[in-house]
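What follows is the residue order along each chain.
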Amino acid sequence: MRKQIVAGNWKMNNDYVASEQLVSKLLEQYTESETEVIIAPPFTSLFCSSNLLKSSRINVAAQNMHYAENGAYTGEISSGMLKSIGVDTVILGHSERRAYFNETDALLAKKVDAALKNNMRIIFCFGEELLDRKSGNEEVIVEGQIKNALFHLPASAWTNIVLAYEPVWAIGTGETASPEQAQHMHAFIRKTIENKYSSDLSADVSILYGGSVKPANAKEIFSKEDVDGGLIGGAALDVTQFTAIINAF
Ligand code: PGA
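On a predicted model such as this, the values are computed, not experimentally measured, just so you know.

Q: What's the story with the packing of aromatic side chains in this structure? I'm lost.
A: Scanning the entire structure with this criterion turns up 8 aromatic pairs. Pairing Y67 with Y73 gives two aromatic rings, centres 6.2 Å apart and planes at 65°, and the pair type is edge-to-face. Residue classification places Y67 among the partly exposed positions, given a relative accessible area of 26%. Considering the side-chain rings of F151 and W158, the 6.5 Å spacing of their centres and the 55° angle between planes classify their relative orientation as tilted. Neither F151 nor W158 differs from the other in exposure class; each is buried.

Below, the structure written as structure tokens:
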């Protein structure tokens, strides 16, 4: 059964003290529901966040990881290191990683394999740029991103994959895909997975939408049949906005 998920990607925001404050506030305002809530703080705040949230139902994810288990990769963090502090979900393929850190589909496929090998759950992000959409190529781009990084996986691996469709033109811009645009793309993604695997498998995959989700638009976007939740950037830094988005389900 696919899950409803609201995940907050803090990006490079909040030092240790600010993270503790944000998590404490979230714990005060959060009420348990069917919707799974995940936060993804920066590496330096993962340990304190996962400790503070230990007895709650809110989960913690990392924003990135390296594909190697250890070794001479200065500045990098491995899946084993994340698991050692109780973090077993990782965001991979965010458009900012692709754009600013040259993460390619081939590199992401290696990271996907490494995360799965260590029994981690992956929130895999992808999405087209504005030019792709303007030229009507959004489906080709999205299909390619999914195929290149995920279609070498056996069907059994998909229980640990959550997808996040994030049109690059809607990230941090205040511009959101319309609920119809999101639904159209999510249905296309589900069909693409069905064609490769099976309708049962594709029906079970949670597909999140990301890109300027706010309390004002969350309800309508989440009401769409193939939208199973959101990956939230800016609004996840404000507990009142983030909890309003969680409660939009
Ligand atoms: P945004 O970011 O909500 O600030 O647009 C979304 C994301 O990057 O995941």
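Q: What am I meant to see in the pairing of strand 1 (residues 5-9) here?
A: Sheet faces and side chains relate simply in a regular strand, where the side chains alternate between the two faces. Counting buried positions along strand 1 gives 5 out of 5 residues, so the element sits mostly inside the fold. By the alternation rule, side chains of strand 1 split into I5, A7 and N9 and V6 and G8, which are all buried. Pairing analysis gives 5 bridges linking strand 1 to strand 2 (residues 36-40), with the strands arranged parallel. The residue of strand 2 that forms the bridge with N9 is A40. As for the winding sense of the linkage, the β-α-β connection from strand 1 through helix 1 (residues 16-29) to strand 2 is right-handed. Here strand 1 pairs with strand 8 (residues 229-232) via 4 bridges, running parallel. The residue of strand 8 that forms the bridge with G8 is I232.

Cut-offs applied
Residues numbered from 1 in each chain as written. Predicted model: local features only at pLDDT ≥ 70, side-chain atom pairs only at ≥ 80, totals over all residues. Heavy atoms only, no water. Phe/Tyr/Trp six-rings, centres within 6.5 Å; stacked < 30°, edge-to-face > 60°. Buried < 20%, exposed > 50% of the residue type's maximum accessible area, 1.4 Å probe, protein only. Helix = DSSP H or I, 4+ residues; strand = E, 2+ residues; numbered from the N terminus. Pairing = 2+ DSSP bridges. Right-handed = clockwise from strand over helix to strand, strands pointing away.

Geometric values such as these leave the question of function open.
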